[in-house]
Amino acid sequence: MAQYRTSVKIGNWNEELRLEEDTKREHLEKKERGELAAQKVDFLKQHMLSPVDLTVTTDGRLHFGDVVMLVNMGGEERDCSALSINADVNSFNKIPTPGIISPCGVVAGRGIQACPRTAFIITSTSVDGSPEGSTLHFDQSFALKTTSGFARGLYLTSDLQSFQKCAKKSRLQEVNLEDGSSFLSWWKIVHFDPQERLEYEGQPVPANMSVLIIHCKTNQALAVLGGHVIWTTYGKECEMTAHTFLDSRKAEQDNNRWTLCNSDPAGKGLVLLTHTQLGAPNKVLTQADPGI
């Protein structure tokens, strides 16, 4: 009578062997096409974190056509962060040309690095029609557009809060990126101090200064929510919304204050000329490591 040995094949051994071979072949085919999850993440970071040259201002003012970063200096319980594109492996395509898919979300990322993910272009609206290179003024409508190429030149857009259209965690007014410019993508800059706001109306907007960015249709200020954390491909980041947060003095809080910053002429990184209300001297933030 034959005895059982460990080399004896039992069960659906043939089917399991074929299944293992099919799995290996499918893995190699996906690897050859660059469709593995790790390859998609590397491809996304390679394009989103490549260096971008921000505009260097010669007169200390912001202009239409300037490439800038929107930086929030943080608060007591929130780190310094920059408005960033929230694109993951499911938010881009490679055919016919590589680029993110519209609509796409935005977050406040802690990586202060000039790259397609954080760079925005100040553009004029269809009604204003200011030529490129002209000075941007307080209370003048403008649009914020991502860079061309992989970022696809999408416009920062918002609309009235509704049950079906709102921020995922805070349920406040949603902010995202969409194709084409419309009234929903119009913004304006106002002075951070309500008592000086009327005096600055119509004046040129200085670069690297703390300001408020107001949505023209809803009159809500762009804000970062430090208490609503979102885990993205790039790590732990914060939710973005359009909502005005007021303190006891009816003044906007620090999560509504943004700095449209450009490159340091000396090539040392980003120059953030903070206002006296922050109680800090001029800062130079060096760019983060693009390899993270």
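The model shown is predicted, which means the values in this text are computed figures rather than measured ones. (Residues numbered from 1 in each chain as written. Predicted model: local features only at pLDDT ≥ 70, side-chain atom pairs only at ≥ 80, totals over all residues. Heavy atoms only, no water.)

**Q** I'd love a proper account of the overall build of the protein, names of residues and values included.
**A** Counting its secondary structure elements, the protein contains 3 helices and 16 strands. Restricting to contacts in the protein with at least 6 residues of sequence separation, those with at least 24 account for 67%. Of the roughly 15,600 Å² that the protein leaves accessible, carbon and sulfur atoms contribute 50%. (Helix = DSSP H or I, 4+ residues; strand = E, 2+ residues; numbered from the N terminus. Contact = heavy atoms within 4.5 Å. Areas by Shrake-Rupley, 256 points an atom, 1.4 Å probe, with all protein chains shown as cover.)

**Q** Which residues make up helix α2 (residues 37-48), and what values do they have?
**A** With 12 residues, α2 ought to run about 16 Å at 1.5 Å a step, and its terminal C-alpha atoms sit 16 Å apart, in line with that. Regarding α2, the residues found buried are F43, L44 and M48. The buried residues of α2 all sit within an arc of 115 degrees when viewed along its axis, so they share a single face. Exposed positions of α2 whose direction lies more than 90 degrees from the buried face are A38, D42 and Q46. Those residues of α2 that are buried lie in contact with β2 (81-86), β3 (92-93) and β4 (99-100). (Expected span 1.5 Å × (residues − 1). Buried < 20%, exposed > 50% of the residue type's maximum accessible area, 1.4 Å probe, protein only. Arc of directions from axis to C-beta.)

**Q** Any details on the environment of S148? Residues and values, ideally.
**A** Turning to its location among the elements, S148 is positioned in the loop between β7 (143-146) and β8 (155-158). The spatial distance from the C-alpha of S148 to the C-alpha of G99 is 9.3 Å, given a sequence separation of 49 residues.

**Q** Residues and numbers for the pattern of salt bridges, please.
**A** Any two side chains of opposite charge can pair if their charged atoms end up close together. For the structure shown, the criterion picks out 10 salt bridges. Among the salt bridges present, the one from D159 reaches K217, with a minimum N-O distance of 2.9 Å. Of this pair, D159 sits in the loop between β8 and β9 (175-178) while K217 sits in the loop between β11 (210-215) and β12 (222-232), placing them 58 residues apart in sequence. With a relative accessible area of 37%, K217 lands in the partly exposed category. (Salt bridge = Lys/Arg side-chain N within 4 Å of Asp/Glu carboxyl O.)

**Q** Hey, could you go over the packing of aromatic side chains for me, with residue numbers and the actual values?
**A** Scanning the model with the defined rule gives 5 aromatic pairs in all. Ring geometry for F43 versus F150: centroids 6.2 Å apart, planes at 70 degrees, classification edge-to-face. Of this pair, F43 sits in helix α2 while F150 sits in the loop between β7 and β8, placing them 107 residues apart in sequence. An angle of 85 degrees between the planes, with centres 5.2 Å apart, marks the rings of F183 and W186 as edge-to-face. Assessed through its relative accessible area of 42%, F183 is described here as partly exposed. Residue class for W186 comes out buried when judged on its relative accessible area of 13%. A connected cluster of aromatic rings, assembled from ring pairs, spans F43, F92 and F150. Above the plane of the ring of F43 lies K94, whose end atom (NZ or CZ) is 4.5 Å from the centre. (Phe/Tyr/Trp six-rings, centres within 6.5 Å; stacked < 30°, edge-to-face > 60°. Lys NZ or Arg CZ within 6 Å of the ring centre and 35° of its normal.)

**Q** Provide a residue-level description of the side chain of E237, including the pertinent values.
**A** Residue placement: E237 occurs in strand β13 (residues 235-242). Separated by 2.7 Å, the side chains of E237 and R117 make a polar contact. Filtering out sequence-adjacent residues up to four positions away, E237 remains in contact with V107, A108, G109, R110, R117, H228, V229, I230 and T232. (Polar contact = N/O pair within 3.5 Å; in protein donor to acceptor, adjacent residues only side chain to side chain.)

**Q** Tell me about the pairing of β2, and please be specific about residues and values.
**A** Counting buried positions along β2 gives 5 out of 6 residues, so the element sits mostly inside the fold. When strand β1 (residues 67-72) meets β2, the two strands line up antiparallel, connected through 2 bridges. Paired with N72 across the two strands is S81, which belongs to β2. Note that β2 and strand β5 (residues 104-109) share 5 bridges and pair antiparallel. (Pairing = 2+ DSSP bridges.)

**Q** Before we move on, can you summarise the pairing of strand β6 (residues 119-123) with the specific residues and values?
**A** The element β6 is largely enclosed, with a buried count of 5 among its 5 residues. In β6, alternate side chains face the same way, and those of A119, I121 and T123 on one face and F120 and I122 on the other are all buried. When β1 meets β6, the two strands line up antiparallel, connected through 3 bridges. Bridge pairing links V67 to I121 in β6. With 4 bridges joining them, β6 and β7 adopt antiparallel strand pairing. In the sheet register, I122 faces β7, and the bridge partner there is L144.

**Q** Please set out the confidence of the model for the protein residue by residue, giving values where relevant.
**A** Per-residue confidence for the protein averages 84 on the pLDDT scale, and 87% of its residues sit at or above 70. The model gives residues 273-292 a pLDDT under 50, and that stretch makes 39 contacts with residues more than four places away or in other chains. (pLDDT = per-residue confidence, 0-100.)

**Q** Explain the environment of L49 to me, using residue names and the numbers behind them.
**A** Assignment of secondary structure puts L49 in the loop between α2 and β1. Each C-alpha atom of the pair L49 and G111 lies 9.8 Å from the other, and the pair is 62 residues apart in sequence.

**Q** Please give an account of the side chain of S130 that cites residues and values.
**A** Tracing the backbone shows S130 in the loop between β6 and β7. A relative accessible area of 15% places S130 in the buried class. Within the structure, S130 has its side chain in polar contact with the side chain of Q140 (distance 3.0 Å).

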